[in-house]
Amino acid sequence: MTKVLIATDKPFAAEAVNGIRNVIENAGFELVLLEKYTEKKQLLDAVANADAAIIRSDIFDKEVLDAAKSMKIVVRAGAGYDNVDLDAATANNICVMNTPGQNANAVAELALGMAVYAVRNFYNGTSGTELFGKKLGIHAYGNVGRNVARIAKGFGMEVYAFDPFLSAEAIEKEGVKAVASAEELYSTCQFVSLHIPATAETKNSINYALLSKMPKKALLINTARKEVINEAEIVKLMEERTDFKYVTDIMPANHAEMAEKFAGRYFSTPKKMGAQTAEANTNAGIAAANQIVDFIKNGNERFRVNKK
Ligand code: NAD
């Protein structure tokens, strides 16, 4: 019988495991659980006779993948998959997938929640401002960006987006104004929510030149990655512009300096928590299970991330 292993050092919630079990057993497969393992040997033993695996941040390096003699597919329940050695997976003829989009609503809700928190002066008891009627720029219109747009429209915001990989038509059909450049987005919008991936091109790209284009009482919301921010330059900008606020879900390397210099204008979550909801956790696990069933039964490789 096809054996599907859940290998999670940090386990899924019980509800997610039950949902995964339903999908796997309804497909006629067997579910095997390895949770809170303390030694790599336990993982090496567990993968040895599994046909498929669902993992979270668990490290699937060459040694683990080489030991997985009958493994056909590994699905990372979540978006990032840098914990899996993709080349070793390809060499072992193992398909690796992620589950994009499953945590997008959770991240989007946090982005708008942090925006409310910031415009209400971090709930310090003083009078703040509202989101209604303000311009929000969405920098990258992917899974999270789209959910931010949906929620922001509910707040009555005017929503703009910049995404060079999408046509203006694709963005505008969702009632969002497409702009042609990041510069245009930042100079148009008092609020900007960041949703770009960290790539060679985007690293350090949110810099002084770009941020200084933002209108008065600007707010930058970052639920993307800290690497995309030029940390030294945001300090310089916030020193010069006392109307500029920054809220982030990815604690910068210079957090202590930011917190001290910009008290009342800067906030970071203590630990990345955008995707930390029961729903996102369950959604990603169940999506992983469905992708495994569809791959084994129908050969569907839609969310494959490694080369064949
Ligand atoms: P996604 O892949 O669905 O969307 C990314 C979008 O970025 C795509 O539409 C792509 O066209 C666009 N893009 C790529 N390069 C760009 C560029 N140079 N300029 C503008 N747009 C560009 O990803 P997603 O699920 O929406 O995630 C977005 C970001 O959020 C990622 O950085 C991800 O790491 C981060 N994230 C954070 C959390 C959290 O817990 N805070 C959770 C999930 C994802």
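Residues numbered from 1 in each chain as written. Predicted model: local features only at pLDDT ≥ 70, side-chain atom pairs only at ≥ 80, totals over all residues. Heavy atoms only, no water.

Per an unreviewed UniProt entry, the chain goes by D-3-phosphoglycerate dehydrogenase and derives from Dysgonomonas hofstadii. Quoted verbatim from the Sequence similarities (unreviewed entry) field of the UniProt record, the comment on the chain reads "Belongs to the D-isomer specific 2-hydroxyacid dehydrogenase family." (UniProt positions renumbered as here; feature names shortened; annotations may be inferred.)

Draft legend 1. Main features of the overall build of the chain. Secondary structure summary: the chain contains 12 helices and 12 strands in total. For a compact globule of 308 residues, the expected C-alpha radius of gyration is about 19 Å, and the chain comes in at 21 Å, within 12% of that figure. Here the contacts in the chain between residues at least 6 apart in sequence split such that 62% fall between residues at least 24 apart. Side-chain charges of the chain comprise 37 positive and 37 negative groups, with the mean position of each set lying 2 Å from the other. (Helix = DSSP H or I, 4+ residues; strand = E, 2+ residues; numbered from the N terminus. Rg over C-alpha atoms; globule rule 2.2 N^0.38 Å. Contact = heavy atoms within 4.5 Å. Lys, Arg positive; Asp, Glu negative; His and termini not counted. Charge placed at Lys NZ, Arg CZ, Asp CG, Glu CD.)

Draft legend 2. Spotlight on the site of the ligand. The full set close to the ligand counts 23 residues, and Asn143, Val144, Asp163, Ile196 and Asp249 are the nearest of them. Take Gly274: an N or O atom from its main chain is 3.5 Å from an oxygen atom of the ligand. Backbone polar atom of Ala275 to an oxygen atom of the ligand: 3.3 Å apart, as the coordinates give it. Across the complex, the protein chains shield 83% of the 860 Å² of accessible surface that the ligand would expose by itself. A breakdown of the residues in the shell around the ligand according to their chemical character gives 10 nonpolar, 8 polar and 5 charged. (Near = heavy atom within 4 Å. Polar contact = N/O pair within 3.5 Å; in protein donor to acceptor, adjacent residues only side chain to side chain. Areas by Shrake-Rupley, 256 points an atom, 1.4 Å probe, with all protein chains shown as cover. Nonpolar A, V, L, I, M, F, W, Y, C, P; charged D, E, K, R; others polar.)

Draft legend 3. View of the environment of Asn204. Mapped onto the secondary structure, Asn204 falls in the loop between β9 (191-194) and α9 (208-211). A sequence separation of 108 residues divides Asn204 from Val96, and the C-alpha atoms of the two residues are 29 Å apart. Not counting residues within four places of it along the chain, the set of residues in contact with Asn204 comprises Glu227, Val228, Ile229 and Asn230.

Draft legend 4. Up close: helix α10 (residues 231-240). Within the sequence span of α10, burial applies to Glu231, Ile234, Val235, Leu237 and Met238. One face of α10 carries all of its buried residues, which in axial projection span an arc of 165°. As for α10, its buried residues are in contact with α9, β10 (219-222), β11 (245-248), α11 (255-261) and β12 (266-268). (Buried < 20%, exposed > 50% of the residue type's maximum accessible area, 1.4 Å probe, protein only. Arc of directions from axis to C-beta.)

Draft legend 5. Just the UniProt feature "domain: D-isomer specific 2-hydroxyacid dehydrogenase NAD-binding" (unreviewed entry) in the chain, in detail. Residues annotated by UniProt as "domain: D-isomer specific 2-hydroxyacid dehydrogenase NAD-binding" (unreviewed entry) correspond here to residues 124-258. Its end C-alpha atoms 18 Å apart, residues 124-258 is made of 31% helix and 18% strand.

Draft legend 6. Examining the UniProt feature "domain: D-isomer specific 2-hydroxyacid dehydrogenase catalytic" (unreviewed entry) in the chain more closely. In the numbering adopted here, UniProt assigns the feature "domain: D-isomer specific 2-hydroxyacid dehydrogenase catalytic" (unreviewed entry) to residues 24-306. The annotated region residues 24-306 carries 37% helix and 16% strand content, and the separation between its end C-alpha atoms amounts to 23 Å.

Draft legend 7. Main features of the packing of helix α1 (residues 14-26) against helix α12 (residues 278-298). α12 packs onto α1 with a crossing angle of 15° between their chain directions and a minimal axis gap of 8 Å. Classified by the angle their axes make, α1 and α12 are roughly parallel. The chirality of how α1 crosses α12 is right-handed. Together, Glu15, Ala16, Gly19, Ile20, Val23 and Ile24 of α1 and Asn281, Thr282, Gly285, Ile286, Ala289, Asn290 and Val293 of α12 make up the contact between the two elements. Across the contact of α1 with α12, the residue classes break down as 7 nonpolar, 5 polar and 1 charged. (Axes fitted to C-alpha atoms, helices over the stretch in contact; angles between N-to-C directions. Parallel < 35°, antiparallel > 145°, perpendicular 65-115°, else oblique. Left-handed = near helix turned anticlockwise from the far one by under 90°.)

Draft legend 8. Inspection of the domain arrangement of the chain at higher detail. Parsing the chain into structural domains produces domain 1 (3-102 + 277-298) and domain 2 (125-263). Each of domain 1 and domain 2 was reduced to a C-alpha centroid, and the two centroids are 34 Å apart. (Domains from an automatic or database assignment.)

Draft legend 9. Structural context of the pattern of salt bridges. Scanning all chains against the criterion turns up 14 salt bridges. Across the pair Glu240 and Lys236 runs a salt bridge whose closest N-O atoms are separated by 3.4 Å. Remark: Lys236 and Glu240 occur in helix α10; sequence separation between them is 4 residues, near one turn of the helix. Residue classification places Lys236 among the partly exposed positions, given a relative accessible area of 40%. Here Lys308 and Glu301 are joined by a salt bridge, their closest N and O atoms 3.4 Å apart. Lys308 gets classed as exposed once you look at its relative accessible area, which sits at 72%. Overlapping salt bridges bring together Lys40, Asp61 and Glu63 as one network. (Salt bridge = Lys/Arg side-chain N within 4 Å of Asp/Glu carboxyl O.)

Draft legend 10. Seen up close, the sheet that holds β10. Overall, parallel pairing links the 7 strands, which are arranged β8-β7-β6-β9-β10-β11-β12 in an open sheet. Among the strands making up the open sheet, the edge pair consists of β8 (177-178) and β12. Here 4 bridges tie β10 to β11, and the two strands are oriented parallel to one another. Across the sheet, residue Leu220 finds its bridge partner in β11, namely Tyr246. Sheet strands touched by helix α5 (residues 104-119): β9, β10, β11 and β12. Its angle to β10, the strand with the most contacts, is close to 145°. Its contacts with the sheet put helix α6 (residues 143-154) on β6 (135-139), β7 (158-162) and β9, and the angle it makes with β6 is roughly 170°. (Pairing = 2+ DSSP bridges.)

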